[in-house]
Amino acid sequence: MARVLIVDDSPTETYKLTSILEKNGHAVITAENGEQGVAVAKKERPDLVLMDIVMPGLNGFQATRQLSKAAETAHIPVIIVTTKDQETDRVWGMRQGAKAYLTKPISEKTLVQAIAEAMA
């Protein structure tokens, strides 16, 4: 299956997402903030990134934009997974280069389906 990078500053959310991903056969790499997420993505070259928005320092919108603009990471699909559920946030996230925008709490079925679609 896929190697998925989870970028989220919440240990609880990271644990939940990791559980779903591993149960579905994916390998998981984690980062605790946007800067670390961009660095890990450039070093590890995951198949997909799950990106939170609200994080200290570089937020998820900024990190997504950096990943989608950098030549070495532009091919990696980013799925935003956040509590921010306003339509303006969704539009802005997609404009930064995200392939999908999911709001927490997220169901296993929704997450697995979004990953399959982004990787297709």
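Note that this is a predicted model, so its numbers are computed, not measured.

Our next topic: the UniProt feature "domain: Response regulatory" (unreviewed entry) in the protein chain. Here the UniProt feature "domain: Response regulatory" (unreviewed entry) sits at residues 3-119. With 47% helix and 20% strand, residues 3-119 has end C-alpha atoms that lie 11 Å from one another.

This part is about helix α3 (residues 60-69). By the burial criterion, the buried members of α3 are Gly 60, Phe 61, Ala 63, Thr 64 and Leu 67. For α3, the arc enclosing every buried residue in end-on projection is 165°, short of the 170-degree limit, so these residues lie on one face. On its buried side, α3 packs onto α2 (34-44), β3 (48-51), β4 (78-82), α4 (87-95) and β5 (100-103). Capping the start of α3, Asn 59 holds a side-chain oxygen 2.9 Å from the backbone nitrogen of Phe 61, two or three residues further along.

This part takes up the sheet that holds β4. Note on sheets: strands pair through backbone hydrogen bonds, and any given pair is parallel or antiparallel. With parallel pairing, five strands are arranged side by side in an open sheet as β2-β1-β3-β4-β5. At either margin of the open sheet sits one strand with a lone partner, and together these are β2 (27-31) and β5. Strand-to-strand twist in this sheet, taken as the mean axis angle between neighbours without regard to direction, amounts to 20°. Here strand β1 (residues 3-7) runs beside β3; their pairing, made up of four bridges, is parallel. Looking across to β3, one finds that Ile 6 is bridged to Leu 50. Here α3 sits on the sheet in contact with β3, β4 and β5, set at roughly 160° to β3.

According to UniProt, the feature "modified residue: 4-aspartylphosphate" (unreviewed entry) maps to Asp 52 in the numbering used here. Judged by its relative accessible area of 6%, Asp 52 is buried.

Here the focus is the nonpolar core. Leu 21, Leu 48, Leu 50, Ile 79, Leu 102 and Leu 111 are the most contacted members of the largest nonpolar core, which has 17 residues in total. For this core, the secondary-structure elements that each account for two or more residues are β1, α1 (11-23), β3, β4, β5 and α5 (108-119). By residue number, the principal contributor to this core is α5, which donates four residues. Not counting the four nearest positions on each side in its chain, Leu 111 is found in contact with Leu 17, Ile 20, Leu 21, Leu 50, Leu 102 and Ile 106. Counting 15 residues, the second-largest nonpolar core is a separate cluster that includes Leu 5, Val 38, Val 49 and Met 51.

Conventions we followed
- Residues numbered from 1 in each chain as written.
- Predicted model: local features only at pLDDT ≥ 70, side-chain atom pairs only at ≥ 80, totals over all residues.
- Heavy atoms only, no water.
- UniProt positions renumbered as here; feature names shortened; annotations may be inferred.
- Helix = DSSP H or I, 4+ residues; strand = E, 2+ residues; numbered from the N terminus.
- Buried < 20%, exposed > 50% of the residue type's maximum accessible area, 1.4 Å probe, protein only.
- Arc of directions from axis to C-beta.
- Contact = heavy atoms within 4.5 Å.
- Polar contact = N/O pair within 3.5 Å; in protein donor to acceptor, adjacent residues only side chain to side chain.
- Pairing = 2+ DSSP bridges.
- Axes fitted to C-alpha atoms, helices over the stretch in contact; angles between N-to-C directions.
- Core = buried A, V, L, I, M, F, W, Y, C linked by side-chain atoms within 4.5 Å.

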